[in-house]
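If you want the building blocks of each chain, they are given just below.
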Amino acid sequence: MNSLIRYTSRCLRFGVASSLFGQAEGRMWTASTRLLCATSDLQKDLGEMVKKDKVVVFMKGTPEQPLCGFSNAVVQILRMHGVDEYAAYNVLADEQLREGVKAFSNWPTIPQVYFNGEFVGGCDILLQMHQNGDLVEELKKLGVQSALLDAEKDSK
């Protein structure tokens, strides 16, 4: 009963469970309430996580040890541009985070990159932005000078 009260109060705080209670054959059901509450909390947390830092990456592994080629490519692209300070979240450490971020962005794959709380895309999009110069411009909007611009100036 305590868990029902705890979940209910958490859901009501976020306006999720106002009409989720019901009874079937004399038994109260709460499974969908728990699922919606957990989902609601995770979506709220993800919204805060992506806004916390200028650059946020949800990836497999860590920047020091990426555990998939696509995550490694994102780390390398950011490194080429001199972006060393960013929040990185290892989705392999938390299945709920892994599935939650996919639902949050409505994007089915990992890695996922966010700039100033806005979803940018995955590895393919970041690579395309790198190749066509858009990444330099987007980083400039964040107040980040791309290291590639510095290297270009030094070579002239």
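Residues numbered from 1 in each chain as written. Predicted model: local features only at pLDDT ≥ 70, side-chain atom pairs only at ≥ 80, totals over all residues. Heavy atoms only, no water.

### Considerations on unusual backbone geometry
Convention followed: In this text, helices come from DSSP runs of H or I with a minimum length of four residues, and strands from runs of E with a minimum of two, each type numbered from the N-terminal end. Burial here depends on accessible area, computed with a 1.4 Å probe over protein chains only, as a share of the maximum for the residue type. Under 20% is buried, over 50% is exposed, and the range in between is partly exposed.
Residue Pro111 is bonded to the preceding Ile110 through a cis peptide linkage, with omega at 10°. Secondary-structure assignment places Pro111 in the loop between helix H4 (95-105) and strand E5 (112-115). A positive phi angle, near 60°, is found at Asn106, a position not held by glycine. The phi angle at Asn116 is positive, at roughly 50°, despite the residue not being glycine. Structurally, Asn116 is set in the loop between E5 and strand E6 (118-121). What makes Asn116 partly exposed here is its relative accessible area of 46%.

### Things to note about the pairing of strand E3 (residues 55-59)
Successive side chains on a regular strand alternate, one facing one side of the sheet and the next facing the other. Put simply, the rule is: When DSSP finds two or more bridges between two strands, those strands count as paired.
Across the 5 residues that make up E3, a large majority, 5, are buried. Side-chain alternation along E3 places Val55, Val57 and Met59 on one buried face and Val56 and Phe58 on a second face that is also buried. Relative to E5, E3 runs antiparallel, the two being bridged by 4 bridges. Considered in E5, the bridge of Phe58 is made with Gln112. Examined bridge by bridge, E3 and strand E4 (residues 87-90) share 4 bridges and lie parallel to one another. By the bridge assignment, Val57 is partnered in E4 with Ala88.

### Overview of the pattern of salt bridges
Going by this rule: What counts as a salt bridge is simple: a side-chain nitrogen of Lys or Arg found within 4 Å of a carboxyl oxygen of Asp or Glu.
In total, this model carries 4 salt bridges according to the counting rule given. Across the salt bridge formed by Lys44 and Glu48, the nearest N and O atoms sit 3.1 Å from each other. Linking Lys44 with Glu48, this pair stays in helix H2 (residues 31-52), spanning 4 residues, or about one helical turn. With relative accessibility at 37%, the residue Lys44 sits in the partly exposed group. In this structure, Glu138 engages Lys141 in a salt bridge whose closest nitrogen and oxygen atoms are separated by 3.0 Å. Here Glu138 and its partner Lys141 are both found in helix H6 (residues 134-141), 3 residues apart, which amounts to about one turn of the helix.

### Overview of the confidence of the model for the protein
Selection criterion: The pLDDT value expresses, per residue, how confident the predictor is, ranging between 0 and 100. Contacts between residues were defined by any pair of non-hydrogen atoms, one from each residue, lying within 4.5 Å.
Per-residue pLDDT for the protein has a mean of 80; in total, 71% of the residues score no lower than 70. Taken together, the stretch residues 1-36 has pLDDT below 50 and engages in 31 contacts with residues farther than four places along the chain or on a different chain.

### Describing the environment of Gln131
Here Gln131 lies in helix H5 (residues 123-132). In this structure, the C-alpha to C-alpha distance between Gln131 and Ile77, residues 54 residues apart in sequence, is 10.0 Å.

### A closer look at the packing of aromatic side chains
Note on aromatic pairs: each is described by the distance of the centres and the angle between the planes. Just so we agree on the cut-off: Here a pair means two rings of Phe, Tyr or Trp (six-membered ring of Trp) with centres within 6.5 Å. Their orientation is stacked below 30 degrees between planes, edge-to-face above 60, and tilted elsewhere.
Tallied over the full model, the rule gives 5 aromatic pairs. Ring plane angle 20° and centroid distance 5.2 Å describe the contact between Phe58 and Tyr89, whose orientation is recorded as stacked. Of this pair, Phe58 sits in strand E3 while Tyr89 sits in strand E4, and the two are 31 residues apart along the sequence. Ring plane angle 55° and centroid distance 5.3 Å describe the contact between Tyr114 and Phe119, whose orientation is recorded as tilted. Taking relative accessible area as the criterion, Phe119 reaches 28% and is therefore assigned partly exposed. Chaining the aromatic ring pairs together yields one cluster made of Phe58, Tyr89, Phe104, Trp107, Tyr114 and Phe119.

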